[in-house]
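Observations on chain architecture
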Amino acid sequence: MSSISSSLIKPEIQQLSPYQVPDKVYPIKLDAMENPYSLDVSFLEQWSQVLKTASLNRYPDPSAQTLKQQIRTTFAIPNSQELLLGNGSDELIQMLIVALNQPKITLVAVEPSFVMYRLIAQWMGMSYQGIPLQMPTFSLDMPALIKTLETHQPTLLFLAYPNNPTGNLFSDQDIATLLEINSGLIVIDEAYGPFTDHSYLSQLPNHSNLLIMRTLSKLGLAGLRLGFLAGSALWLEQINKVRLPYNINILTQITANFALQHYTTFQDQAQKIRQHRAALCQQLTQMDIKVWPSQANFLMFSLPNAVSIYQELKKQGILIKCLHGSHPLLENCLRVTIGTPEENGVFVRTLQTLLS
Ligand SMILES: *Cc1c(COP(=O)(O)O)cnc(C)c1O
């Protein structure tokens, strides 16, 4: 970097490495928790009909009223609660941090978890505390969390539920304790909500310092970039002030609204993914591989020579996620997204060959 730009760029940004995305196209792509199913012809035809109604020359509805109403219906958002939409939930994490970042506030997250919490805190120079999860099940370390919340109060606490990349849900009793003692704001990130029966959405009216974050990405609409925050208007009115105007483009508004009117299509796909998750988990276990139980659309597993297996799979056109090196608790861990039965089959057979 030239001396001019290196002096202009903030040191915390210079220290970062860019967010890693795959370097090429892989025939079997099981790295990013995408839904593997395409949509049928009649769905696509109806969708293109509604897309034609978009006025591309006009700015979109800045508050996306129609889409918000559809989200309320589809996800049974309690009437007392407000919604805020983001260009993916990543943008919502960013808005939360922009709005709350102050010297006296600490962002707390457990580790390993979704990396964007820490990454965006770093961009913004917000103080950050990562609390390691407890082995062997990646449960919450309650004494450590309670101590952190008490010493650093007030805090902004992010909890992914189910957690990424470990796939587990945290104990309801632990979460109840955190909601009780927390003097700041707790955001429960339910990105993997479609793959579990557990959710805190219905509990929103009972906790004024709780927000729930959801995304359509893992459900099967990763290309749309739409996430939402649900919770008290008192919070969301304020956070809404740092939302860029028109952050949800018209194509996303129309498409998401249409897709959620056909929510059962996506629910059926999620159901299939849950069944194939169970099958894949069983197959890996039978191969004497350590697999962690998952409530999400991926499985985390570990192997003695994880990195070389990951590289070999990649050479054979199968991309999964190598977690080794990303956190001390993830030594020799890999993560595979549940694909179609055919993709899962190729993955298992290739892995079997590599291990024999
Ligand atoms: C994938 C993921 C997100 C990001 O979702 P987008 O809406 O695609 O930005 C948020 N949280 C967790 C835990 C995730 O795994």
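For the structure, check the block above.
A brief look at the structure comes next. Only a predicted model underlies this, so the values are computations on that prediction, with no experimental measurement involved.

1. A look at the overall build of the protein
A count of helical and extended segments in the protein gives 14 helices and 13 strands. Taken over C-alpha atoms, the radius of gyration comes to 21 Å for the protein, in line with the 21 Å a tight globule of 356 residues would show. Within the protein, the fraction of its 356 residues that count as buried is 50%. Sequence separation of at least 24 residues holds for 72% of the intrachain contacts in the protein that already meet a minimum separation of 6. As presented, the protein carries roughly 16,900 Å² of accessible surface, and 53% of it is formed by carbon and sulfur atoms.

2. Comments concerning the nonpolar core
Among the nonpolar cores identified, the biggest contains 50 residues, and Leu67, Ile71, Phe75, Leu140, Leu145 and Leu178 are the most heavily contacted of them. Sort the elements by how many residues they give to this core and helix α11 (residues 250-261) lands first, with four residues. For Leu67, the contacting residues outside a window of four places in its chain are Leu85, Leu226, Ile248, Gln253, Ala256, Asn257 and Leu260.

3. Brief notes about empty space enclosed by the protein
Counted by the stated rule, this structure contains one cavity of 30 Å³ or more. In this structure, the largest cavity is lined by Asp61, Pro62, Ser63, Ala64, Lys68, Leu84, Leu85, Arg243, Tyr246, Asn247, Ile248 and Gln253. In terms of residue class, the lining of the largest cavity is built from six nonpolar, three polar and three charged.

4. Digging into the sheet that holds strand β3 (residues 106-111)
Strand order in the open sheet formed by seven strands is β2-β8-β7-β6-β5-β3-β4, and the pairing between neighbours is mixed. One side of each edge strand has no neighbouring strand; the edge strands of this open sheet are β2 (82-86) and β4 (127-132). Averaged over all pairs of adjacent strands, the angle between their axes in this sheet comes to 20°, without regard to strand direction. Direction of pairing for strand β5 (residues 155-160) relative to strand β6 (residues 185-189): parallel, over a ladder of five bridges. Across the sheet, Leu156 pairs through a bridge with Leu185, a residue of β6.

5. A closer look at the site of the ligand
Close to the ligand lie 13 residues; Asp189, Thr215, Ser217, Lys218 and Arg225 are nearest. In the environment of the ligand, an oxygen atom lies 2.6 Å from a nitrogen or oxygen atom belonging to the side chain of Ser217. Its free accessible area being 390 Å², the ligand has 94% of it covered by the protein chains. Looking at the shell around the ligand, the elements that each hand over two or more residues are α5 (89-100) and α9 (217-221). Residue composition of the shell around the ligand, by class: four nonpolar, five polar and four charged.

6. Structural notes on the packing of aromatic side chains
In total, this model carries eleven aromatic pairs according to the counting rule given. Taken together, the ring pairs in this structure connect Phe43, Phe258 and Phe266 into an aromatic cluster. One residue, Lys290, lies across the ring of Trp292, its end atom 4.5 Å from the ring centre.

7. Description of the pattern of salt bridges
Across all of its chains, the model carries six salt bridges by this definition. A salt bridge links Asp31 to Lys29; the nearest nitrogen and oxygen atoms lie 2.9 Å apart. By relative accessible area, which is 9% here, Asp31 ends up buried. Of the residues examined, Lys29 reaches a relative accessible area of 33% and is grouped as partly exposed. A salt bridge links Lys29 to Glu34; the nearest nitrogen and oxygen atoms lie 2.9 Å apart. One continuous salt-bridge network, built from bridges that share partners, spans Lys29, Asp31 and Glu34.

8. Focus: the layout of surface pockets
Space inside the second largest pocket adds up to approximately 260 Å³. In this structure, the second largest pocket is lined by 16 residues; those nearest its centre are Gly193, Pro194, Arg214, Tyr263 and Gln267. In terms of residue count, helix α12 (residues 263-286) provides more of the lining of the second largest pocket than any other element does, five residues in total.

9. Topic: helix α6 (residues 116-123)
Within α6, the full set of buried residues consists of Met116, Tyr117, Leu119, Ile120 and Ala121. On the buried face of α6, the contacting elements are α5, β3, β4, β5 and β6. Looking one or two residues past α6, Gly125 carries a phi angle of roughly 65°, positive in sign.

10. Observations regarding the sheet that holds strand β10 (residues 298-302)
Read from one edge to the other, the open sheet built from four strands follows the order β9-β10-β13-β12, with strand pairing classed as antiparallel. The sheet is open, and its two edges are formed by β9 (290-292) and β12 (321-322), each paired on a single side. As defined by bridge partners, β12 adjoins strand β13 (residues 333-337) across two bridges and the pair is classed as antiparallel. For Cys322, the partnering residue across the bridge sits in β13 and is Leu334. Where α12 meets the sheet, its contacts fall on β9, β10 and β13, and the angle it forms with β10 comes to roughly 10°. Against the sheet, helix α13 (residues 306-315) touches β12 and β13, its axis set at about 35° to β13.

Cut-offs applied
Residues numbered from 1 in each chain as written. Predicted model: local features only at pLDDT ≥ 70, side-chain atom pairs only at ≥ 80, totals over all residues. Heavy atoms only, no water. Helix = DSSP H or I, 4+ residues; strand = E, 2+ residues; numbered from the N terminus. Rg over C-alpha atoms; globule rule 2.2 N^0.38 Å. Buried < 20%, exposed > 50% of the residue type's maximum accessible area, 1.4 Å probe, protein only. Contact = heavy atoms within 4.5 Å. Areas by Shrake-Rupley, 256 points an atom, 1.4 Å probe, with all protein chains shown as cover. Core = buried A, V, L, I, M, F, W, Y, C linked by side-chain atoms within 4.5 Å. 1 Å grid on protein atoms, 1.4 Å probe; cavity = no way out; pocket = protein on both sides within 12 Å on 5 of 7 lines; lining within 4 Å. Points joined across faces, edges and corners; volume = space filled by probe spheres on them. Nonpolar A, V, L, I, M, F, W, Y, C, P; charged D, E, K, R; others polar. Pairing = 2+ DSSP bridges. Axes fitted to C-alpha atoms, helices over the stretch in contact; angles between N-to-C directions. Near = heavy atom within 4 Å. Polar contact = N/O pair within 3.5 Å; in protein donor to acceptor, adjacent residues only side chain to side chain. Phe/Tyr/Trp six-rings, centres within 6.5 Å; stacked < 30°, edge-to-face > 60°. Lys NZ or Arg CZ within 6 Å of the ring centre and 35° of its normal. Salt bridge = Lys/Arg side-chain N within 4 Å of Asp/Glu carboxyl O.

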